[in-house]
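Descriptive analysis of the structure
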Amino acid sequence: MAWTTDAPGGQRHTGYVLGRLADGTIPTYRSGQALYEREFTDSPNGAGGTWSGPGAADVDQPTALVPACRCGWRGPDTPYGGEALLPDDAMLEARAVWRAHAAAVLDAQVPDGYRDKISALARNLHELADERPRSALVLARQLREIADHLEPLAVAQALAQGVPWETIGVDLDQTKQAVHRRYGHPSASLEQRVRELTGGSVAALLAVARDRRRGTPPPAPRARWSQAVTRALRPPAGNGVGVPGS
Ligand SMILES: [Zn+2]
């Protein structure tokens, strides 16, 4: 299992999990002249997991997981297999620790103009909720509407560009399985949102995205976006990133 994020400037972080044995070592294997550390993958059903590399079946189960990144970073050990944490939780914990490491890179994917707008908005929101709670309620609904519109289009676009589900999950801070479930078996509300926006189903949106040639524009939304959404999504001046329907 690996989690990847790309950032402008070619900085690339790919997270994975190593395991530490009861004797404190991280198991390795030799391939040619090189020595490799074995990666560990938790089993989705039940206890235990598997090591990478030849002879993996003879290696004991780890007592701790060690989140790692191809950039060389190592995170702190997460107890594994004992009473402390269920195996699944240990894997999620390791992933969360890696994500914190990569967060700066993930956030750097958001262009400056958008980041500044979001920060400025966030600064004002608490104040608004205190002083004008009903305005804040309306705003909360509009923000939800923006997210509901933006996410499926971005997921379809990412798939069209060959971004794997795992990476989409990293960006949304969800597991690969959760994102795949959400779009592979969309809820009624997600299905309705996408239908309002594109006039088609989630499956159709993803299929159109996958079949589209790189560099061609995304399908034009049929539904009109509300003015508030359009305003909020309008790209900052001087920024080349466009939003469909705006
Ligand atoms: Zn890294």
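Residues numbered from 1 in each chain as written. Predicted model: local features only at pLDDT ≥ 70, side-chain atom pairs only at ≥ 80, totals over all residues.

Turning our attention to the overall build of the chain. Secondary structure summary: the chain contains eight helices and eight strands in total. Long-range contacts, defined as pairs at least 24 residues apart, comprise 50% of the intrachain contacts of the chain with a sequence gap of at least 6. (Helix = DSSP H or I, 4+ residues; strand = E, 2+ residues; numbered from the N terminus. Contact = placed C-beta atoms within 7 Å.)

Let's shift gears to the nonpolar core. In a soluble, globular protein the nonpolar side chains are often hidden away together inside. Core analysis: the largest hydrophobic core is formed by 16 residues, its most contacted members being Val 17, Leu 65, Val 66, Ala 68 and Ala 94. At the level of elements, strand E2 (12–20), strand E7 (64–69) and helix H1 (87–108) are the ones that each hand at least two residues to this core. Counting 10 residues, the second-largest nonpolar core is a separate cluster that includes Ala 156, Val 179, Tyr 183 and Leu 197. (Core = buried A, V, L, I, M, F, W, Y, C linked by C-beta atoms within 7 Å. Buried ≥ 20, exposed ≤ 12 C-beta atoms within 10 Å, placed from the backbone.)

Every α-helical turn comprises 3.6 residues, leaving residues that sit three or four positions apart pointing alike. Under the 1.5 Å per step criterion, the end-to-end length of helix H2 (residues 112–131) is 29 Å for 20 residues, consistent within 8% with the ideal 28 Å. The largest bend along H2 measures about 30° and falls at Leu 125. (Expected span 1.5 Å × (residues − 1). Bend = angle between axes of the 7 residues up to and from the residue.)

Our focus in this paragraph is the confidence of the model for the chain. Scored by pLDDT, the chain comes out at a mean of 79, with 78% of its residues at no less than 70. Per-element mean pLDDT across the chain ranges from 60 in strand E1 (residues 3–6) up to 94 in E7. A low-confidence stretch, residues 239–246 stays under pLDDT 50, and its non-local contacts, those more than four residues away or across chains, total 16 contacts. (pLDDT = per-residue confidence, 0-100.)

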